[in-house]
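# Observations on the model geometry
Here are the chains, one letter per residue:
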Amino acid sequence: METTRTIRRVKQVIQPRFVIEGADVLLQRSFGPSRANPVDPFLLFDHFAFNDPAEGPIRGFPTHPHRGIETVTYMLEGNVRHRDSIGNLGVIGPGDVQWMTSGRGILHEEMPQRGPQGVIYGFQLWVNLPAAQKMGRPRYQEVKAEGIPVVEAPGVRVRVVAGEYAGVRGPVTEIAARPLYLDAALEPGAELRVPVPAGHTAVAYLFEGEGEFGAGPGQPGEVAGAVRMILFEDGDELRARAAENSPARFMLIAGAPIREPIFPYGPFVMNTREEIEQALTDLRNGTFVQDEAPAGA
Ligand code: MN
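Below is a short write-up of the structure. Keep in mind that what you see is a predicted model, and the values were worked out from it rather than measured. (Residues numbered from 1 in each chain as written. Predicted model: local features only at pLDDT ≥ 70, side-chain atom pairs only at ≥ 80, totals over all residues. Heavy atoms only, no water.)

### Looking at the sheet that holds strand β7 (residues 79–84)
Taken together, four strands build an open sheet; the order of strands is β5-β10-β7-β8 and the sheet is antiparallel. Whereas interior strands pair on both sides, the edge strands pair on one side only; in this sheet they are β5 (61–66) and β8 (89–92). Going across the sheet, the axis of each strand differs from the next one's by a mean of 25°, ignoring polarity. Taken together, the four bridges between β7 and β8 define a ladder with antiparallel strand orientation. (Pairing = 2+ DSSP bridges. Helix = DSSP H or I, 4+ residues; strand = E, 2+ residues; numbered from the N terminus. Axes fitted to C-alpha atoms, helices over the stretch in contact; angles between N-to-C directions.)

### Points about the packing of aromatic side chains
Overall, the coordinates contain eleven aromatic pairs when judged by the stated rule. Ring geometry for Phe45 against Tyr205: centres 4.6 Å apart, planes inclined by 45°, an arrangement best described as tilted. With Phe45 in strand β4 (residues 42–50) and Tyr205 in strand β19 (residues 201–213), this residue pair connects regions lying 160 residues apart in the sequence. With a relative accessible area of 0%, Phe45 lands in the buried category. Taken together, Phe45, Tyr121, Phe123, Tyr205 and Phe207 form an aromatic cluster joined through their ring pairs. (Phe/Tyr/Trp six-rings, centres within 6.5 Å; stacked < 30°, edge-to-face > 60°. Buried < 20%, exposed > 50% of the residue type's maximum accessible area, 1.4 Å probe, protein only.)

### Observations regarding the coordination of the manganese ion
Those donors, His64 (NE2), His66 (NE2), His108 (NE2) and Glu110 (OE), are the protein atoms that reach the manganese ion, and they lie 2.1 to 2.3 Å from it. Read N to C, the donor residues that coordinate the manganese ion are spaced as H-x1-H-x41-H-x1-E. For the pair formed by His108 and Glu110, the shared burial category is buried. (Donors = N, O, S within 2.8 Å, 3.2 Å for Na, K, Ca; no water.)

### Topic: empty space enclosed by the protein
Here the structure, examined in full by the defined rule, presents two cavities of 30 Å³ or more. In this structure, the largest cavity occupies an estimated 40 Å³ of space. Forming the walls of the largest cavity are Phe31, Gly32, Pro33, Ser34, Asn37, Pro38, Val39, Phe42 and Leu43. Each residue belonging to the lining of the largest cavity can be placed in one class, and the counts come to six nonpolar, three polar and no charged. Taken as a whole, the second largest cavity encloses approximately 30 Å³ of empty space. Taken together, Phe213, Phe232, Leu238, Arg239, Ala240, Phe250 and Leu252 make up the full set of residues lining the second largest cavity. (1 Å grid on protein atoms, 1.4 Å probe; cavity = no way out; pocket = protein on both sides within 12 Å on 5 of 7 lines; lining within 4 Å. Points joined across faces, edges and corners; volume = space filled by probe spheres on them. Nonpolar A, V, L, I, M, F, W, Y, C, P; charged D, E, K, R; others polar.)

### Concerning helix α2 (residues 273–285)
A rise of 1.5 Å per residue sets the reference length of α2, with its 13 residues, at 18 Å; its end C-alpha atoms lie 18 Å apart and thus fit the reference within 8%. Residues Ile276, Ala279 and Asp282 constitute the buried set of α2. Projected down its long axis, α2 carries its buried residues within an arc of 120°, all on one side. In α2, the exposed residues that point more than 90 degrees away from the buried face are Glu274, Arg284 and Asn285. Where α2 is buried, its residues meet β24 (263–265) and β25 (268–270). A positive phi of about 75° marks Gly286, the residue just after α2. (Expected span 1.5 Å × (residues − 1). Arc of directions from axis to C-beta. Contact = heavy atoms within 4.5 Å.)

The structure is reproduced here in structure tokens:
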């Protein structure tokens, strides 16, 4: 017997707006942290794209703190050189992902660098942490491109960063929001169907080409062209189809809502104003970053 799936309809299509962050870095932001928390458990989605050498040097994001969140950096072209207060140092290159859990506190710098074609292209997603994990130990999951499995079917190519698609599990695990994080490339006319647990929040970030989202039997979809952030209604299956005359490439992201009040302030997202004040006090007092020496060292 075939189970009937509820195909998620499109709830909203967002045109990202340009914002300036860090040291004069121009980004396209689909959504940012707000107390209304409309995309719970996701807080922010930024797209950084530089392809004009006339823009001059890219200065990036000099040392800054985070508390209470996870930042997910996924690069397609160029690199992000990073360095932090718990001793990590490295380069996130094309196809790599860095899933950083700030927990109670991390200080880091993130400096984008152009690739051989002079291009920087990537995304940063912020994921909320439940109250019980906001003051946990900071940690990283960094996966190089070759460590991310690819699922291929006719006209469809999906990189599985986190969660499961077609029986393949992504390498990023043990994240509170139980995320699905896929990079999907469809040839013209190809369709992708992805089961997503009912109740989870789901979005697609269309960054190349054109496609139709949320169409099913007796259910018209929504046609969109890059770049757009697409928010879905509830249901247990996501469907996307590339236009007949255009490929489509998009990030498909879903996760379990945390359903707690949030109080965002710059690079911190806590549950209350008092916790934000504590973060600022800790920064002033030099107690923001705890000694992370391993037990017994
Ligand atoms: Mn950061």
